[in-house]
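# Analysis of the macromolecular model
Listed below, chain by chain, are the residues.
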Amino acid sequence: MQSMPLPVMGGETCGTDGGSCGCGGHDASSPAHGSEPAAQLPQVGCHGDARDAARSVADSEALKALMEDYPLGPHEQPQGMCPAFGSLRVGLRMRRTATVLSGSACCVYGLTFTSHFYGARRTVGYVPFNSESLVTGALYEDIKRAMHDLADPEEYDAIVMTNLCIPTASGVPLDMLPKEINGVRIVGIDVPGFGVPTHAEAKDVLSGAVLKRARLEAEAGPVARPRELVEDRPTVALLGELFPADPMGIGALIEPMGLALGPVVPVREWRELYAALDADVCAAIHPHYVRAAREFEKAGRKVVGSGPVGVEGTVAWLKSVGDAAGVDADTIGSAIDRARTMIAGAIASAPLRGRVQVSGYEGSELLVARVLIEAGADVPYVGTALPKSAWSATDAEWLEARGTHVQFRASLEQDVEAFKETDPDLVIGTTPVVQEAKEQGVPGLYFTNLVSARPIFGPAGAGSLAPVLQGAMRGRERLGQMRKFFEGVGTGHAAGYGWTEVPEEKLSAKQRNARARGGKASTGKGKHSELAVGKSDAAATGCSTTDRTPRGAGQRDNKASIRTKDRIRQSAAAKGSAKRTSGKQVDANAPDGAASPSTPAPSTPAGAD
């Protein structure tokens, strides 16, 4: 259950160029140690400069494809967990599949720890690097050597090699690895935090890569027979990680049309990929699997969006699937009538009353909102960390027609702002959104563990969510009693103060520097607060309403001091602890050694916190 450092020679260079070094690690397609392309790779850190460095690698088709398939939102860095966790989780769930990472040691540690925490009883391989191996091209050779060492056909069908941020930004070319070693497939993917915004989309990165390899294999000739291949009826493959009971419920809905359920992608075994591609229809239940859906389309399969949620959603989805599979209209109508009766009865038996906000990063947020609205809830806002796609358009139009604001690529700040504006009775969202709600005395449920871990499709979905949510809303009075009980104990920096006085707020270095420059002490607002829910344009852009010069969203005075000494003085002045020399206060803007006149220290500019 621990990370496995593979046998590598990180940082070693052979001192020669081309393939004449005699190290045995080169072939005609691999970059040589010290070759010119590798020597020009940028040196980057984990975060701020990685994106710019990546863009400087002009010939990186992988990065161009990432930025096209997974467009960025208002935040440049992921606001959830490391995206690579998504692809790592998919790989660890596949039988006879090895997973190997290359990235910063701290990142690999965190990813493996989280994976094992979620029950992945599998080894994770690791190819380390240092500055020398990174810039000379030796890291590629280390990775290639690791693939050869690990490729045992008795143990594995495939090896998934994943580049994290730094190797991706530095242009380590996983596409140049051998496609197969000793009969074991080598699948290389790049999953940088600056190119894949969410862990849900990282699942699509790997799913699309393995589907592509399986499709090419099937086109080239005979492949291994899937374990449970349905041959007597047309099948429907499902796209998206679903609650285990949902595929069975969906299968029951399509069975009256003479259709059978195919595999669910992401799959659990390589040969299941062949069965998925053999399906007649692909149902993109989770709409962010754009690369996987593309492979189904290249295989000649029709892709249908949305899912069987509520009465209206199920009726429309069954018709779309039936038409795509070539089922006659009478048979489709009979299946629809049957499903309508069951789902309408389930909704009537478990109505939902109240205003609910929905947000999350799983990809099923719009589908959940549809279920809640049909159950009787008022849903003014739905935020999803995923982008808008062709497969989510139907759900977005349906929600907007009923007065729901749908925010794609929603940031944490937008979700919190929506909560403050809409005053819901219940908040379903990510952990920090739920925390914000509960601090204000509003019940909240964590989307991933308490909502997406329940069935949402068909009759089971219509009847399972409402009782849980209604019960949570009844807890608002209890939260109010708790707030009243703890009233006066303090919040924020003053929480839990002791015997004599309220503690003084201690500003961080970032806040002190911002205050010294005349900006806000807390700089979290700005570009993320542009939520279009009942806001004017001026408010949405973050312009100041005071007599100060208006500033655009996210803009603040970031001008660095001329010298480090000046910055230290500014920070000290903001702290209220500026040193005095000969009875005179040091002026943060005066030249070295100069003292200001004996006037009071300038106060924080108007409007600063």
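Residues numbered from 1 in each chain as written. Predicted model: local features only at pLDDT ≥ 70, side-chain atom pairs only at ≥ 80, totals over all residues. Heavy atoms only, no water.

Within the protein, the secondary structure is distributed over 24 helices and 17 strands. Within the protein, the fraction of its 609 residues that count as buried is 48%. If you take every contact in the protein between residues at least 6 apart in sequence, the share linking residues at least 24 apart comes to 71%. Surface accessibility of the protein: about 28,600 Å² in total, with carbon and sulfur atoms responsible for 52%. (Helix = DSSP H or I, 4+ residues; strand = E, 2+ residues; numbered from the N terminus. Buried < 20%, exposed > 50% of the residue type's maximum accessible area, 1.4 Å probe, protein only. Contact = heavy atoms within 4.5 Å. Areas by Shrake-Rupley, 256 points an atom, 1.4 Å probe, with all protein chains shown as cover.)

Applying the stated criterion to the full structure yields one aromatic pair. Above the ring of Trp398, the side-chain terminus of Arg370 is found at 4.3 Å from the ring centroid. (Phe/Tyr/Trp six-rings, centres within 6.5 Å; stacked < 30°, edge-to-face > 60°. Lys NZ or Arg CZ within 6 Å of the ring centre and 35° of its normal.)

The subject of this paragraph is the side chain of Thr384. Mapping Thr384 onto the fold places it in strand S12 (residues 381-384). Overall, Thr384 belongs to the buried group, its relative accessible area being 3%. Leaving out residues up to four positions away in the same chain, Thr384 has contacts with Gly360, Glu365, Leu366, Gln407, Phe408, Arg409 and Ala410.

Within the secondary structure layout, Val127 lies in the loop between strand S3 (124-126) and helix H6 (131-136). Owing to a relative accessible area of 0%, Val127 belongs among the buried residues under this scheme. Taking the C-alpha atoms as reference, Val127 lies 5.0 Å from Ser102; in sequence the two are 25 residues apart.

Another point: the sheet that holds strand S11 (residues 356-360). Spatially, the five strands line up as an open sheet ordered S13-S12-S11-S14-S15, and their pairing is parallel. The sheet is open, and its two edges are formed by strand S13 (405-408) and strand S15 (444-446), each paired on a single side. Here the strands of the sheet are splayed against their neighbours by 10 degrees on average, with no regard to which way each runs. Judged from the four bridges that link them, S12 and S13 form a sheet pairing that is parallel. Residue pairing across strands places Tyr381 opposite His405, the latter belonging to S13. Docked against the sheet, helix H17 (residues 412-422) engages S11, S12, S13 and strand S14 (426-429), running at close to 180 degrees with respect to S11. (Pairing = 2+ DSSP bridges. Axes fitted to C-alpha atoms, helices over the stretch in contact; angles between N-to-C directions.)

With five of its five residues buried, strand S7 (residues 235-239) lies for the most part within the structure. Both faces of S7 are covered, namely the face carrying Thr235, Ala237 and Leu239 and the face carrying Val236 and Leu238. When S7 meets strand S8 (residues 260-265), the two strands line up parallel, connected through four bridges. The partner of Leu239 across the bridge, within S8, is Val265. Each parallel crossover has a hand, and for S7 linked through helix H10 (residues 245-254) to S8 it is right-handed. (Right-handed = clockwise from strand over helix to strand, strands pointing away.)

To continue, consider the packing of helix H13 (residues 310-325) against helix H14 (residues 329-349). Put simply, H13 and H14 touch, their axes get as near as 9 Å, and they point 160 degrees apart. As summarised for this structure, H13 and H14 are arranged roughly antiparallel, according to the angle between their axes. Considering how the two elements wind past one another, H13 and H14 form a crossing that is right-handed. In this structure, H13 uses Gly310, Val311, Thr314, Val315, Leu318, Lys319, Gly322 and Asp323 to contact H14, whose residues at the interface are Ile332, Ala335, Ile336, Ala339, Arg340, Ile343, Ala344 and Ile347. (Parallel < 35°, antiparallel > 145°, perpendicular 65-115°, else oblique. Left-handed = near helix turned anticlockwise from the far one by under 90°.)

Core analysis: the largest hydrophobic core is formed by 54 residues, its most contacted members being Met257, Ile285, Trp317, Leu372 and Ile428. Sort the elements by how many residues they give to this core and helix H15 (residues 365-374) lands first, with seven residues. (Core = buried A, V, L, I, M, F, W, Y, C linked by side-chain atoms within 4.5 Å.)

In short, the description is geometric, and any link to function would need to be established separately.
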